[in-house]
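Listed below are the residues making up each chain.
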Amino acid sequence: MSLFRRGKADWLVVGLGNPGEKYARTRHNVGFEVAKELADRLGLPKFRQKYGGLYAEGRRVAVLLPQTYMNDSGNSVGPARGALGLDLDHVLVVHDEIDLPFGKVEVRTGGGLAGHNGLKSVKRGLGSGEFGRVRVGVGRPDTTDPEIVSQYVLGRFDEDPRDLIESAADALESRVSSEE
């Protein structure tokens, strides 16, 4: 039995990223790009400000791009999920993943946070880490130095990310279409 009453949308897709031109087209913002691609494919209405983010809702899927900055994404995701009345298994968070090679996409529920501050915040905002994730592989530099890793994820892609964005959107689209 569902803990929450279902709202209008059956799914909440959250793209993680940072707002502003400074962060646009960076590895850390690939979640925004994938979620926007899904919204375009589904013909969702234009994004509007809601729940501390940019929000678009269709018949089955709502897409949220928190504008709180990555480290505070949960402050946007929690209220959106609550308003929609969705169980955690119908929340999908799309994010950059340096522990996956560039181009690899994985979909899973729960798991570790691997030091990803956006995921940590979403876990706090949702009260649990048992939400769906679409992990988008952006690769990693050949070091574990936190400063270099930070510069890397906040840097722009060396590769053309279009195929990566499309394959991650394919995985998302397949997941939100798999259940009636």
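Residues numbered from 1 in each chain as written. Predicted model: local features only at pLDDT ≥ 70, side-chain atom pairs only at ≥ 80, totals over all residues. Heavy atoms only, no water.

**Section: the overall build of the chain**
Then step 1. Helix and strand counts for the chain stand at five helices and seven strands.
Then step 2. In the chain, the order of α-helices and β-strands from amino to carboxyl end is β-α-β-β-β-α-β-β-α-β-α-α.
Then step 3. By the compact-globule yardstick of 16 Å for 180 residues, the chain fits well, its C-alpha radius of gyration being 15 Å.
Then step 4. Along the first, second and third principal axes, the C-alpha atoms of the chain reach 45 × 30 × 30 Å.
Then step 5. Within the span of the chain, comprising 180 residues, buried residues form 52% of the whole. (Helix = DSSP H or I, 4+ residues; strand = E, 2+ residues; numbered from the N terminus. Rg over C-alpha atoms; globule rule 2.2 N^0.38 Å. Buried < 20%, exposed > 50% of the residue type's maximum accessible area, 1.4 Å probe, protein only.)

**Side note on helix α3 (residues 117-126)**
Then step 1. Buried within α3 we find Gly118, Leu119, Ser121, Val122 and Leu126. The buried residues of α3 occupy an angular sector of 160° when projected down its axis, which confines them to one face.
Then step 2. The inward-facing, buried residues of α3 abut α2 (74-84), β5 (91-97) and β7 (132-137).
Then step 3. Two residues or fewer after α3 comes Gly127, characterised by a positive phi angle close to 80°. (Arc of directions from axis to C-beta. Contact = heavy atoms within 4.5 Å.)

**Overview of the confidence of the model for the chain**
Then step 1. Counting all residues, the mean pLDDT for the chain is 92, and 95% of those residues have values of 70 or more.
Then step 2. In this model, residues 1-7 is a region of pLDDT below 50 whose contacts with residues beyond four sequence positions or in other chains number 15 contacts. (pLDDT = per-residue confidence, 0-100.)

**Quick look at the pairing of β5**
Then step 1. Here β5 lies mainly inside the structure; seven of its seven residues are buried.
Then step 2. Examined bridge by bridge, strand β1 (residues 11-15) and β5 share four bridges and lie parallel to one another. Each residue of the ladder has a partner; that of Leu12, found in β5, is Val91.
Then step 3. The pairing of β5 with β7 spans six bridges and is parallel. Across the sheet, residue Val94 finds its bridge partner in β7, namely Val134. (Pairing = 2+ DSSP bridges.)

**What to know about the nonpolar core**
Then step 1. Among the nonpolar cores identified, the biggest contains 29 residues, and Val13, Val30, Val34, Val63, Val136 and Leu172 are the most heavily contacted of them.
Then step 2. Going through the elements one at a time, β1, α1 (30-41), β4 (61-66), β5, β7, α4 (146-153) and α5 (162-177) are the ones with two or more residues in this core.
Then step 3. When sequence neighbours within four positions are dropped, the list of residues in contact with Val136 reads Val30, Val34, Val94, His95, Asp96, Glu97, Lys104, Leu164 and Ala168.
Then step 4. In terms of nonpolar packing, the next biggest core, distinct from the first, is built from 20 residues, Leu16, Val91, Val93 and Leu126 among them. (Core = buried A, V, L, I, M, F, W, Y, C linked by side-chain atoms within 4.5 Å.)

**Here's the deal with the packing of aromatic side chains**
Then step 1. By the definition in use, this model includes three aromatic pairs.
Then step 2. Between Tyr23 and Tyr69 the ring centres are 6.2 Å apart and the planes differ by 80°, which places this aromatic pair in the edge-to-face class. With Tyr23 in the loop between β1 and α1 and Tyr69 in the loop between β4 and α2, this pair connects stretches of sequence that are 46 residues apart.
Then step 3. According to the relative accessible area criterion, Tyr69 is partly exposed, its value standing at 42%.
Then step 4. Each ring, one from Phe102 and one from Phe157, has its centre 6.0 Å from the other, and the planes form 65°; the classification is edge-to-face. Linking Phe102 in the loop between β5 and β6 (105-109) with Phe157 in the loop between α4 and α5, this pair joins segments that are 55 residues apart in sequence.
Then step 5. Overall, Phe102 belongs to the partly exposed group, its relative accessible area being 30%.
Then step 6. Relative accessible area serves as the criterion here: at 15%, Phe157 is assigned to the buried category. (Phe/Tyr/Trp six-rings, centres within 6.5 Å; stacked < 30°, edge-to-face > 60°.)

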